[in-house]
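Residue-level structure breakdown
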Protein chains: 4
Amino acid sequence: MQAYKLVSRQYCSQDTIIKIPTPGGPLCIGAGYLTIIAGPCAVESRDTFLEMAGLLKSMGANVLRGGLFKPRTSPYSFKGLGSQGLKIMAEARELTGMPVITEIMDVRDIDLLYETVDILQVGSRNMQNYTLLEELGRLDKPVLLKRGLSATIEEWLLAAEYILNGGNNKVIFCERGIRTFEPWTRNTVDIGAIPLIKQLSHLPVLVDPSHATGRWKMVSPVAKAAVAAGADGIMVEVHQSPEQALSDGKQSLTPENFQILYKQVIALAELEHREIL
Amino acid sequence: MQAYKLVSRQYCSQDTIIKIPTPGGPLCIGAGYLTIIAGPCAVESRDTFLEMAGLLKSMGANVLRGGLFKPRTSPYSFKGLGSQGLKIMAEARELTGMPVITEIMDVRDIDLLYETVDILQVGSRNMQNYTLLEELGRLDKPVLLKRGLSATIEEWLLAAEYILNGGNNKVIFCERGIRTFEPWTRNTVDIGAIPLIKQLSHLPVLVDPSHATGRWKMVSPVAKAAVAAGADGIMVEVHQSPEQALSDGKQSLTPENFQILYKQVIALAELEHREIL
Amino acid sequence: MQAYKLVSRQYCSQDTIIKIPTPGGPLCIGAGYLTIIAGPCAVESRDTFLEMAGLLKSMGANVLRGGLFKPRTSPYSFKGLGSQGLKIMAEARELTGMPVITEIMDVRDIDLLYETVDILQVGSRNMQNYTLLEELGRLDKPVLLKRGLSATIEEWLLAAEYILNGGNNKVIFCERGIRTFEPWTRNTVDIGAIPLIKQLSHLPVLVDPSHATGRWKMVSPVAKAAVAAGADGIMVEVHQSPEQALSDGKQSLTPENFQILYKQVIALAELEHREIL
Amino acid sequence: MQAYKLVSRQYCSQDTIIKIPTPGGPLCIGAGYLTIIAGPCAVESRDTFLEMAGLLKSMGANVLRGGLFKPRTSPYSFKGLGSQGLKIMAEARELTGMPVITEIMDVRDIDLLYETVDILQVGSRNMQNYTLLEELGRLDKPVLLKRGLSATIEEWLLAAEYILNGGNNKVIFCERGIRTFEPWTRNTVDIGAIPLIKQLSHLPVLVDPSHATGRWKMVSPVAKAAVAAGADGIMVEVHQSPEQALSDGKQSLTPENFQILYKQVIALAELEHREIL
């Protein structure tokens, strides 16, 4: 007997569509819709974030990402603007009408983020932070659940089960690479996880090629591979000046490269007659 | 340049000794002292826990372990007795005079656990739960920091750095196996991590052969290997009836087998002229 | 300084095209050409292999695969028909005009295979069998070099360097999945290896989604991902009755499913304006 | 049903003892005997090898190691002295009376090596080179079978099964570290593999802490751990001037450090009442 239940295909044979209200009508995630999430690794300043939001909106991105509370391996690294950055994010959301996503690390931040943020992201380090998962299960808010660096598919499904078991079935999986022995890429994208999750679960699954590869030149080929393999979308990092980014510059696309990538994945999705928003 | 500082050998060339007050005088961890932590995976009932505490005390164990809040991969598994179990743990501590250790998963449990618990354990799933690490850094309480399933040595040192950076330098590392491709053991003990941590850091390092192997027959050989490699102690699971344990029965020793193991590791430690408490 | 030289992009900035003579003109591998290699895991009988060859030819496959000497983890498993099967393979090659590929495990088999076989395959277990690589370096015959189960990209490039250093520059890389902790797929396809190899080397790179996933339902999504990521082709296992195959049945496509897959990867390749043969 | 048979404990409940004739009487490997194999990574010159052989003999080493045919990741690295070195090895064997061990990579070298070499070593890269295993199975000569870098315990047992199935039951396992994500050690010693092999098989198992760690400072702690965990012996690299070694200098002990290590492992073995030769 499998240990997960509510997330399974057996429990719900139809693809779940997660609808996010926007001024222009609901954004649908899952069931063949293609979702493009883009933005800088972290919200760094009001000017650059608002400019980026406008650029991405005009280029077709569906959701705006930006880190406020950054989990960093070293306690001495830049950790994000926190609640200061949230105001900037709210402004960008207001201006562009784009839904926003940011990572939550602390259950005590739920009240702060709930109002403004459309999708709460659980990072790979917290995939098995059950305290956090249980609190998110009590909300009526979409949760993007990144795969832990060494989480098996089953552990990932069970982490989602924690959220659904609490009453919140708006979970979006996000493959972001697993840890292997290969030193030349930051992580190894488990491309097979995409069809496997689609077979085992009714929930949407995205791919984050930026964190997975750690090299911007690989973002585009891996993003295309993800869509070809059936992913419900991608989440990519974009920065005006990647070389000056406060975090993750090496893996960030310029807006120009994002534009090229966007057109390529749309063409791929159209080839499969998928829904483009 | 290395990213960690306060945990490094360069910062403090002498081995740190962590002293835990007990009715019979301080228990020393680190710097050649051999520490034996033992107890059931979880506190299951008052009777069994008090009996086990008495047994382990009489056999020579230095610290009593018992899970109250259990991180479980599935939301449907037994998750521990929580605050109910804490009273039992307090009673066992009072009766035997042994310091106690239990896992903390939620920053909101600090107040509850602070008074009774002598060592707060951070489990492998939470090794990079920075919210938790930062709060533990503000306490004056020893923290046992288990290595994440796929954490590099450097990430582990940096997780400890979070705690020391907050002002709490009472950190004890605990190797509990890393995730590899090998399916016949639950995890793979990285025995080389012991001498490596001793070279790189002044903090103590223990080994948990129970979780690392997942098979009780392997606990004893791996515990002996740990002590021979220079570990400052071991943490093992002991249960009166392993086959009836609510969790981790397969990897639990019986009290009889613990007694045999205890004598063997003491003999090994004496061979190296180490301090036995 | 990088340790590899002849295989590098620096040494040869243009994509190498490997030409294999066929009755209908040379088959080109690399440089944007899309190559589809298909066939059963092993040559099992004359009738089934000739039938399969005809089917695959009619469906558009470019190269016919079939194992004669099978490396098997257990000494008690079916190891292939050996030289008996070679005659069948020669007949299928003659009948269809398709080039054939089979694995070579033993340097002493070179003379036997040289005449009939168009591409000699080095399996993942032998990627660092330098004795074999050196002998293949002395031939004027294309070699398909599978990545070892836990080979880094650099080790893979260096294995190819052995062959080029001997004078044979007709090497085709083949990603077939690496070994990770994930138990639900046979191996984990390193999709990022495709763009990485294309950046670092001038040699072609294919993907084998059959061995990599071990599940036929995942073959098609992963094959499409490979082509979208820029692979020069795919190698897939096809069997008339997968459930009766003497080896690798679980990962084999039926001819019907191969036909569907073929059309999908061709559509993907056309979208990128690639050369179809 | 397990796939291996002849190597299993079920097939032979008693520990196999492999006896190697020496001028001073047979050397026993397995069943509690402690075997110390030592020597340089490669035979580099007559003078240094003969000197080292004398030193090691006087310090108590049981078997002399030295590479003649070195498997190297790059085709441009030093590959050993080959048959030239064999004469030096023969001379050292004659002078000291110590049995010698060297790696065999090519089935065509069996005749060359058979006379002089007492134990033929199969390196980790060739653990699944079945051509080689089958030929070694036809000999009456001990084989030391190193574990492949990413070989499971079962695959390792099955590789040995190939040799026993051919009629040669003189197989000695050697754990030399597996490949994991940890970058600070060359490989990760799977210390749990020692008790596991002892439970599952009747054949001896050694540990090579030099290749496994890649750092000489870790060789001694890991060697001691191996003996404490029940290994039948260790194989270590020793070099007069590690910093000038043509290969593997970083992991080589000086003769002085070998002497210290030797005494420590003997003391450990005596504590367990094991047989010392």
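Residues numbered from 1 in each chain as written. Chains lettered and ligands numbered in written order. Predicted model: local features only at pLDDT ≥ 70, side-chain atom pairs only at ≥ 80, totals over all residues. Heavy atoms only, no water.

Things to note about the overall build of chain A
Each helix and strand counted, chain A has 9 helices and 11 strands in total. For 277 residues, the compact-globule estimate of 2.2 N^0.38 gives 19 Å, and chain A sits close to it at 17 Å. For chain A, the spread of C-alpha atoms along the principal axes amounts to about 50 × 45 × 45 Å. Burial analysis of chain A (277 residues in total) assigns 68% to the buried set. Put simply, of all contacts in chain A between residues at least 6 apart along the chain, 69% involve residues at least 24 apart. Split by element, the accessible area of chain A, about 9300 Å² in all, is 48% carbon and sulfur. (Helix = DSSP H or I, 4+ residues; strand = E, 2+ residues; numbered from the N terminus. Rg over C-alpha atoms; globule rule 2.2 N^0.38 Å. Buried < 20%, exposed > 50% of the residue type's maximum accessible area, 1.4 Å probe, protein only. Contact = heavy atoms within 4.5 Å. Areas by Shrake-Rupley, 256 points an atom, 1.4 Å probe, with all protein chains shown as cover.)

Structural notes on the interface of chain B and chain A
On the chain A side, the residues contacting the 32 residues of chain B number 32 residues. In this assembly, chain B packs against chain A so that about 2800 Å² is buried in total across both faces, 48% of it on carbon and sulfur atoms. Area buried by chain B at its contact with chain A is led by T73, Y76 and R179 of chain B, which between them contribute 19% of it. Counting every contact that joins chain B to chain A gives 6 salt bridges. The residue R179 of chain A makes a salt bridge to E155 of chain B at a minimum N-O spacing of 2.7 Å. The tally of links between chain B and chain A comes to 23 residue pairs in polar contact (both at pLDDT 80 or more). Contributions of two or more residues to the side of chain B that touches chain A are made by α4 (130-137) and α5 (153-165) of chain B. Ranked by the residues each element gives to the side of chain B that touches chain A, the list is headed by α5 of chain B, at 5 residues. Split by residue class, the side of chain B that touches chain A holds 12 nonpolar, 9 polar and 11 charged. (Buried area = accessible area lost by both parts, 1.4 Å probe. Salt bridge = Lys/Arg side-chain N within 4 Å of Asp/Glu carboxyl O. Polar contact = N/O pair within 3.5 Å; in protein donor to acceptor, adjacent residues only side chain to side chain. Nonpolar A, V, L, I, M, F, W, Y, C, P; charged D, E, K, R; others polar.)

Concerning the pattern of salt bridges
Within this structure, the stated rule accounts for 72 salt bridges over all chains. Residues D118 of chain D and R93 of chain D are paired through a salt bridge, measuring 2.7 Å at the closest nitrogen-oxygen approach. Of the two residues, D118 of chain D is situated in the loop between α3 (110-114) and β6 (119-122) and R93 of chain D in helix α2 (residues 83-96); the sequence distance between them amounts to 25 residues. Classification of D118 of chain D by relative accessible area gives buried; the value is 8%. Two residues, D106 of chain D and R108 of chain D, come together in a salt bridge whose shortest N-O distance is 2.7 Å. Judged by relative accessible area, R108 of chain D falls into the partly exposed class, the value being 42%. Among the charged side chains, a salt-bridge network with shared partners connects D106 and R108 of chain A together with E135 and R138 of chain B.

A closer look at the packing of aromatic side chains
The full count for this structure, using the stated rule, is 16 aromatic pairs over all chains. For the ring pair Y4 of chain B and W184 of chain D, a centre distance of 6.5 Å and an interplane angle of 55° mean the geometry is tilted. Here Y4 of chain B is found in the segment before β1 (18-20), whereas its partner W184 of chain D is found in the loop between β8 (171-175) and α6 (193-200) on a different chain. Among the residues examined, Y4 of chain B registers a relative accessible area of 3% and is labelled buried. For the pair F258 of chain D and Y262 of chain D, a centre-to-centre distance of 6.2 Å together with 45° between the ring planes defines the contact as tilted. In this pair, F258 of chain D and Y262 of chain D both sit in helix α9 (residues 255-271), 4 residues apart, roughly one turn of the helix. Neither F258 of chain D nor Y262 of chain D differs from the other in exposure class; each is buried. (Phe/Tyr/Trp six-rings, centres within 6.5 Å; stacked < 30°, edge-to-face > 60°.)

Quick word on the relation of the copies chain B and chain A
Between chain B and chain A, the superposition needs a rotation of 180° and an axial shift of 0.0 Å, giving an RMSD of 0.0 Å. Put plainly, the chains are arranged around a two-fold axis. When C-alpha positions in chain B are compared against the rotation axis, the closest is assigned to S150 of chain B, at 3.0 Å. (Least-squares fit on C-alpha atoms with pLDDT ≥ 70 in both.)

A look at the confidence of the model for chain A
When pLDDT is averaged along chain A, the result is 96, and 99% of the positions lie at 70 or above. Across the predicted assembly, pTM comes out at 0.96 and ipTM at 0.96. (pLDDT = per-residue confidence, 0-100.)

Section: the packing of helix α5 (residues 153-165) of chain D against α6 of chain D
Two packed helices can be described by the angle between their axes and the distance between those axes. Residue and element names in this part refer to chain D. Where α5 contacts α6, the two axes come as close as 11 Å, and the packing angle between them is 50°. Taken together, the axes of α5 and α6 lie oblique to each other. In this structure, the crossing between α5 and α6 has a hand that is right-handed. Along its contact with α5, which presents I153, W156 and L157, the element α6 presents A193, L196, I197 and L200. Of the residues belonging to the contact of α5 with α6, the class tally is 7 nonpolar, no polar and no charged. (Axes fitted to C-alpha atoms, helices over the stretch in contact; angles between N-to-C directions. Parallel < 35°, antiparallel > 145°, perpendicular 65-115°, else oblique. Left-handed = near helix turned anticlockwise from the far one by under 90°.)

As for the relation of the copies chain A and chain C
Laying chain A over chain C is done by rotating through 180° and shifting 0.0 Å along the axis; what remains is an RMSD of 0.0 Å. In this assembly, 100% of the residues forming the interface of chain A have copies in chain C that are likewise at the interface, indicating an isologous arrangement.

Regarding the pairing of strand β7 (residues 143-146) of chain B
All names here are of chain B. Neither face of β7 is exposed, since V143 and L145 on one face and L144 and K146 on the opposite face are all buried. Here strand β6 (residues 119-122) runs beside β7; their pairing, made up of 3 bridges, is parallel. Among the inter-strand pairings, Q121 is bridged to a residue of β7, identified as L144. Since β6 and β7 lie parallel, the crossover through α4 that links them has a hand, and here it is right-handed. The pairing of β7 with strand β8 (residues 171-175) spans 4 bridges and is classified as parallel. By the bridge assignment, L144 is partnered in β8 with I172. Handedness of the β-α-β unit built from β7, α5 and β8 comes out right-handed. (Pairing = 2+ DSSP bridges. Right-handed = clockwise from strand over helix to strand, strands pointing away.)

Things to note about the UniProt feature "domain: DAHP synthetase I/KDSA" (unreviewed entry) in chain A
The residues that UniProt annotates with the feature "domain: DAHP synthetase I/KDSA" (unreviewed entry) are residues 27-265 of chain A. As a span, residues 27-265 of chain A carries 38% helix and 16% strand, and end to end its C-alpha atoms are 18 Å apart. (UniProt positions renumbered as here; feature names shortened; annotations may be inferred.)

Overview of the state of the cysteines
As enumerated under the stated definition, the model contains 0 disulfides over all chains in all. For the unlinked cysteine C12 of chain A, the closest cysteine sulfur is that of C28 of chain A, found at 15 Å. (Disulfide = S-S within 2.5 Å.)

Details of unusual backbone geometry
Although it is not a glycine, D248 of chain C sits at a positive phi angle of roughly 60°. Backbone geometry places A31 of chain D, a non-glycine residue, at a positive phi of 55°. Relative to the elements of secondary structure, A31 of chain D occurs in the loop between β2 (27-29) and β3 (33-39). Owing to a relative accessible area of 29%, A31 of chain D belongs among the partly exposed residues under this scheme.

Digging into the interface of chain A and chain C
Accessible area lost during the coming together of the parts is what is often quoted as the interface size. On the side of chain C, 39 residues touch chain A, which itself brings 39 residues to the contact. Its largest share of buried area at the contact with chain C, chain A owes to F181, W184 and L196 of chain A, together 20% of the area lost on that side. Our count for the contact surface shared by chain A and chain C stands at 4 salt bridges. Here K224 of chain C makes a salt bridge to E272 of chain A, at a shortest N to O gap of 2.9 Å. Of all the elements in the fold, those that place two or more residues in the side of chain A that touches chain C are α5 (153-165), α6 (193-200), α8 (216-228) and α9 (255-271) of chain A. For the side of chain A that touches chain C, the element with the highest residue contribution is α8 of chain A, accounting for 7 residues.

Focus: the nonpolar core
Ranked by internal contacts, the top residues of the largest apolar core, which has 331 residues, are F258 of chain A, F258 of chain B, F258 of chain C together with F258 of chain D. For F258 of chain A, the contacting residues outside a window of four places in its chain are I36, A38, L56, M59, A61, V236, V238 and L253 of chain A. (Core = buried A, V, L, I, M, F, W, Y, C linked by side-chain atoms within 4.5 Å.)

Focus on the environment of L56 of chain B
All names here are of chain B. Here L56 shows up in helix α1 (residues 46-59). Taking the C-alpha atoms as reference, L56 lies 8.8 Å from V238; in sequence the two are 182 residues apart. If we skip the residues at most four places from it in the chain, L56 touches A38, G39, A61, L64, M98, V238 and F258.

Section: helix α4 (residues 130-137) of chain D
Residue and element names in this part refer to chain D. Most of α4 is tucked away: 7 of the 8 residues are buried. Along α4, the residues classified as buried are Y130, T131, L132, L133, E135, L136 and G137. At its buried positions, α4 is contacted by α3, β6, β7 (143-146) and α5.

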